[in-house]
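Each chain, letter by letter, is given below.
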Amino acid sequence: MRPMRPMYRPRHPMMGGPPPPHMMGGGGWGIRAPPQPHQPPPPRYHHQPQFVPHLPFDPVLCEPVFPRVNEPIDDSNMNAILLKRHQDITPTPTEQANLLALVQKVQLVLDNLVVAPPQGWEVIIDEVRQVGSFKKNTICAGHNVADMVVVLKILPTVEAVNQLGRKVCEEVQTSDPRDVIHMQMNEGGCEISNPMCTVNLMITTAPANLRQLDKELHLDYKPMVQAMAAIRHTRWFDENATHSSIKVLVRLLKDLRSRFVGLEPMNPWIIDLIAHYCIMNNPAHQPLPLAAAYKRVLQILSAGFFLPGSLGMLDPCEAGNVRVHTAMTLEQQDQVCYTSQTLLRVLAQGGMKKVVGIDPDTSITETLSVWNQNVVVSPSVKAYEPPPPPTNEDDTTKSDVKVES
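These numbers come from a predicted model, not from an experiment.

Asker: Just checking my understanding: could you explain the side chain of Asn209 for this structure?
Answerer: As for its placement among the helices and strands, Asn209 is situated in the loop between strand S5 (198–205) and helix H5 (221–240). Apart from residues no more than four positions distant in its own chain, Asn209 is found in contact with Lys153 and Leu155.

Asker: Just to check I follow, could you spell out the confidence of the model for the protein for this structure?
Answerer: Per-residue confidence for the protein gives a mean pLDDT of 86; residues scoring 70 or more make up 84%. For residues 25–29, every residue scores under 50 in pLDDT, and the model assigns this stretch nine contacts once sequence neighbours within four places are set aside. The model gives residues 399–405 a pLDDT under 50, and that stretch makes zero contacts with residues more than four places away or in other chains.

Asker: Which parts of the structure should I look at to understand unusual backbone geometry?
Answerer: Even without being a glycine, Asn137 presents a positive backbone phi close to 60 degrees. Note on placement: Asn137 falls in the loop between helix H3 (132–136) and strand S2 (145–152). Note on Asn137: relative accessible area 41%, which makes it partly exposed. Here Asn372, not a glycine, exhibits a phi torsion of approximately 55 degrees, which is positive. Along the polypeptide, Asn372 turns up in the loop between strand S6 (369–371) and strand S7 (375–377).

Asker: Sorry, what's going on with the pattern of salt bridges here?
Answerer: What the rule picks out here adds up to 14 salt bridges. Between Lys84 and Asp88 there is a salt bridge, and its shortest N-O distance comes to 3.0 Å. Placement of the pair is Lys84 and Asp88 together in helix H1 (residues 76–89), with a separation of four residues, close to one helical turn. Judged by relative accessible area, which is 43%, Lys84 ranks as partly exposed. Judged by relative accessible area, which is 37%, Asp88 ranks as partly exposed. With a closest N to O distance of 3.2 Å, Glu127 and Arg129 form a salt bridge. With relative accessibility at 28%, the residue Glu127 sits in the partly exposed group. The exposure class assigned to Arg129 is partly exposed, which follows from its relative accessible area of 32%. Among the charged side chains, a salt-bridge network with shared partners connects Lys105, Asp176, Arg178 and Asp179.

Asker: Can you help me understand the environment of Thr234 in this one?
Answerer: Considering the arrangement of structural elements, one finds Thr234 in helix H5. When its relative accessible area of 4% is taken as the criterion, Thr234 is described as buried. For the pair formed by Thr234 and Lys135, sequence separation is 99 residues and the distance between their alpha carbons is 7.6 Å. Discounting chain neighbours no more than four positions away, the residues touching Thr234 are Gln130, Val131, Gly132, Lys135 and Lys136. At a separation of 2.9 Å, a polar atom in the side chain of Thr234 contacts the main-chain carbonyl oxygen of Ala230.

Asker: Can you help me understand the packing of aromatic side chains in this one?
Answerer: The description of an aromatic ring pair rests on the distance of the ring centres and on the angle between the ring planes. Going through the model one piece at a time under the given rule, you end up with four aromatic pairs. With 6.2 Å between their ring centres and 65 degrees between their planes, Phe57 and Phe66 make a pair best called edge-to-face. Residue class for Phe57 comes out partly exposed when judged on its relative accessible area of 49%. With centroids separated by 5.6 Å and ring planes inclined at 85 degrees, the aromatic side chains of Trp236 and Trp269 adopt a geometry described as edge-to-face. One end of the pair, Trp236, is in helix H5; the other, Trp269, is in helix H7 (residues 268–280), and 33 residues separate them in sequence. Each of the two residues, Trp236 as well as Trp269, counts as buried. Of the aromatic side chains, those joined through ring pairs into one cluster are Tyr277, Phe305 and Phe306. Against the face of Phe237 rests Lys136, its NZ or CZ located 5.5 Å from the ring centre.

Asker: Whenever I open this one, the packing of H1 against helix H8 (residues 290–302) confuses me. Can you help?
Answerer: Each pair of packed helices can be described by the angle between their axes along with the distance between the axes. Orientation of H1 relative to H8, taken along the N-to-C sense of each, is 85 degrees, at an axis distance of 8 Å. Our classification of the angle between H1 and H8 gives roughly perpendicular. Contacts from Met78, Asn79, Leu82 and Leu83 of H1 reach H8 at Leu290, Ala291, Tyr294 and Lys295. Of the residues belonging to the contact of H1 with H8, the class tally is six nonpolar, one polar and one charged.

Asker: Would you take a moment to explain a nonpolar patch on the surface for this structure?
Answerer: A cluster of nonpolar side chains, namely Phe57, Val65 and Phe66, defines an oily patch on the protein surface of about 350 Å² accessible area. With respect to the helices and strands, Phe66 occurs in the segment before H1. Here Phe66 falls in the exposed class, since its relative accessible area comes to 54%.

Asker: Would you take a moment to explain the pairing of strand S4 (residues 189–193) for this structure?
Answerer: Regular strands place side chains that alternate from one sheet face to the opposite one. Of all five residues that make up S4, four are buried, and the element is covered over most of its length. Sheet analysis places strand S3 (residues 182–186) next to S4, joined by five bridges and oriented antiparallel. Paired with His182 across the two strands is Ser193, which belongs to S4. Turn length for the S3-S4 hairpin, with the two strands adjacent in sequence and antiparallel, is two residues. Where S4 lies against S5, five bridges are found, and the strand directions are antiparallel. Bridging from a neighbouring strand, Ile192 pairs with Val199 of S5.

Asker: Help me understand the packing of H1 against helix H6 (residues 244–259) in this model?
Answerer: Two numbers describe how H1 lies on H6: the axes approach to 10 Å, and their chain directions differ by 75 degrees. Taken together, the axes of H1 and H6 lie roughly perpendicular to each other. Contacts from Leu82, Arg85, His86 and Ile89 in H1 reach Val248, Arg251, Leu252, Asp255 and Arg259 in H6. Within the contact of H1 with H6, the residues separate by chemical class into four nonpolar, one polar and four charged.

About the thresholds
- Residue positions are given per chain, counting from 1 as you read along its sequence in written order.
- Per-residue local features of the predicted model are confined to residues with pLDDT of at least 70, and side-chain atom pairs are confined, for both listing and counting, to 80 or more; whole-chain, interface and lining totals are unaffected and use all residues.
- As a rule here, side-chain values come from all non-hydrogen atoms in the structure, and water together with hydrogens is ignored.
- Under the scheme used here, helices are H or I runs from DSSP no shorter than 4 residues and strands are E runs no shorter than 2 residues, and both carry numbers assigned from the N terminus.
- The contact criterion used is simple: two residues touch if any of their non-hydrogen atoms lie within 4.5 Å.
- Note on scores: pLDDT gives the predictor's confidence for each residue, bounded by 0 and 100.
- Relative accessibility decides the category of a residue: with a 1.4 Å probe and only protein chains considered, values under 20% of the type maximum give buried, values over 50% give exposed, and everything between is partly exposed.
- In the sections that follow, a salt bridge refers to a side-chain nitrogen of Lys or Arg positioned within 4 Å of a carboxyl oxygen of Asp or Glu.
- Whenever two N or O atoms come within 3.5 Å, that pair is a polar contact, provided that in protein one can donate a hydrogen and the other can accept it, and provided that, for residues adjacent in sequence, both atoms are side-chain atoms.
- Two rings from Phe, Tyr or Trp (for Trp, the six-membered ring) form a pair when their centres are within 6.5 Å of each other. A pair whose planes differ by under 30 degrees is stacked, one over 60 is edge-to-face, and the rest are tilted.
- For a ring to carry a charge above it, either NZ of a lysine or CZ of an arginine must fall within 6 Å of the ring centroid while also lying within 35 degrees of the normal to the ring plane.
- Every axis corresponds to a line fitted to the C-alpha atoms, with the helix fit spanning only the stretch in contact, and the corresponding angles, defined between N-to-C directions, vary from 0 to 180 degrees.
- We call two directions roughly parallel when the angle between them is under 35 degrees, roughly antiparallel when it is over 145, roughly perpendicular when it lies between 65 and 115, and oblique otherwise.
- The residue classification treats Ala, Val, Leu, Ile, Met, Phe, Trp, Tyr, Cys and Pro as nonpolar and Asp, Glu, Lys and Arg as charged. All others, Gly included, are polar.
- Any residue with relative accessible area above 30% and no salt bridge may belong to a patch, with like charges joined within 9 Å and the nonpolar Val, Leu, Ile, Met, Phe, Trp and Tyr side chains within 5 Å.
- Surface exposure here means Shrake-Rupley accessible area, sampled with a 1.4 Å probe, where a residue is shielded only by the protein chains that are shown.
- Note: two strands are recorded as paired if DSSP finds a minimum of 2 bridges between them.

This is how it looks when you write it as C-alpha cells:
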C-alpha cells in the first residue's frame with residue numbers, strides 16, 4: 001500500500017491559509033488595511049488618596065487585645081474624691097428651688113400665650129421647650145441659668161422679641177409682686193431674671209422661615225439655628241443618657257473645663273457626648289465606674305481623639321458624617337490634646353486632688369511641677385503652627401502673574 005500523506009493546513013495565503021495580519025483589513029486578499037490615525041493614550045487620572053480616619057489608642061477598647069499583666073488598680077479612693085467634688089459643685093436645694101420656681105412661672109406665662117393669646121397679640125408662639133443643663137439635670141453651682149427655646153410662627157424681629165420679653169416680665173411680676181423681675185435683651189433672645197437666678201429665652205422660628213430672614217430686620221441666623229439644635233440635643237440626652245454616672249461625669253468635666261483654659265474649646269454638647277461615650281462604649285456593654293471613665297476621658301483626649309484625622313465621635317443629631325470636634329479650630333484641637341496630656345501625667349503621679357479640684361491648682365498645666373519628690377512633670381507644648389499670613393510681596397507677585405497671563 002502507498003503510505004498516506006500527512007494532513008496539514010496550508011499557511012500561505014495563495015494555498016488557502018488565513019491571510020497575515022497586515023492583509024486582514026479592507027476587503028479580503030491582497031488588500032492592505034488603511035493606516036489607522038494616531039490615537040493618544042488614554043488620560044491618566046490622578047486619584048486623590050481616600051481619607052480614612054483612624055481611631056486613637058483607647059485602653060478600654062484594646063483590653064481584649066492587650067490583656068493586663070498586673071492586677072487592676074484600686075480606684076476606690078479616686079471614686080470617693082470624685083463624688084466629694086461632685087457634691088461641692090452641685091447646686092444647693094435652695095438654689096435649685098429658686099430656679100425651678102422662676103422656670104415654672106415663665107413656662108406658665110408662655111403656655112398661656114400659646115393657648116389663649118390676648119386680642120391683638122402679634123407675637124404668635126408655636127411651641128416652648130426647656131433645654132440646656134437645667135433640663136438635663138447637669139447644672140453646676142454658681143450658674144443658676146435655665147434655657148428655654150421659644151419657637152415663633154412669625155419672623156422674629158427685634159421689636160417682637162422685646163415685646164415678648166416685656167410681656168413675660170409683666171405677667172411674672174403680677175403673679176408674685178414680691179419678686180423683682182428684670183428683662184434684658186441679648187443676641188439670641190432675652191433674659192428674664194430676678195436677684196437669684198435667670199431664665200434665658202432663646203428665640204427661633206420654624207425651619208421653613210429661616211430662608212426668609214433679613215439681616216437688617218430680624219435676629220441673627222446663627223443663634224436661631226443653635227436654638228433648634230439645642231432642642232435636638234436635649235431630646236437625645238433624655239433618651240440615651242439616663243444613667244446617673246453620665247450626669248455626674250458631665251458635671252465633673254464642666255468643672256474641669258472651667259478651671260483649665262486649655263479645655264475651654266469643648267462646648268457643653270461635646271462634653272455630653274464624650275461623657276456618654278466613655279461610660280457606655282466598652283466591650284462589656286456595661287457602664288464603667290466613675291473613676292475609670294474620668295481617667296478614660298483624659299486618656300483618649302491625650303491620644304488625639306479630637307485631632308485631625310481621628311474618627312472621634314459622629315454627631316447623632318446631624319445628618320451626614322459630621323464629627324463633633326470639627327467645630328473646633330485646628331489650634332483648639334491641639335490645645336485640648338496637649339492640656340489633657342499634662343493633666344494625665346499629673347494624675348498618674350499622684351496629683352489627683354489637683355486635677356479633680358479638691359485642692360485646685362491651675363498652674364500645673366503651665367509650669368513645672370514635682371511629684372513623689374523626684375518626678376518632674378513638664379507641661380506639654382503645642383504642636384500646631386498656624387500658616388504664616390500672606391505678605392505684601394506675595395500679593396505683588398500674584399498680581400504680576402495675572403497681568404502677564
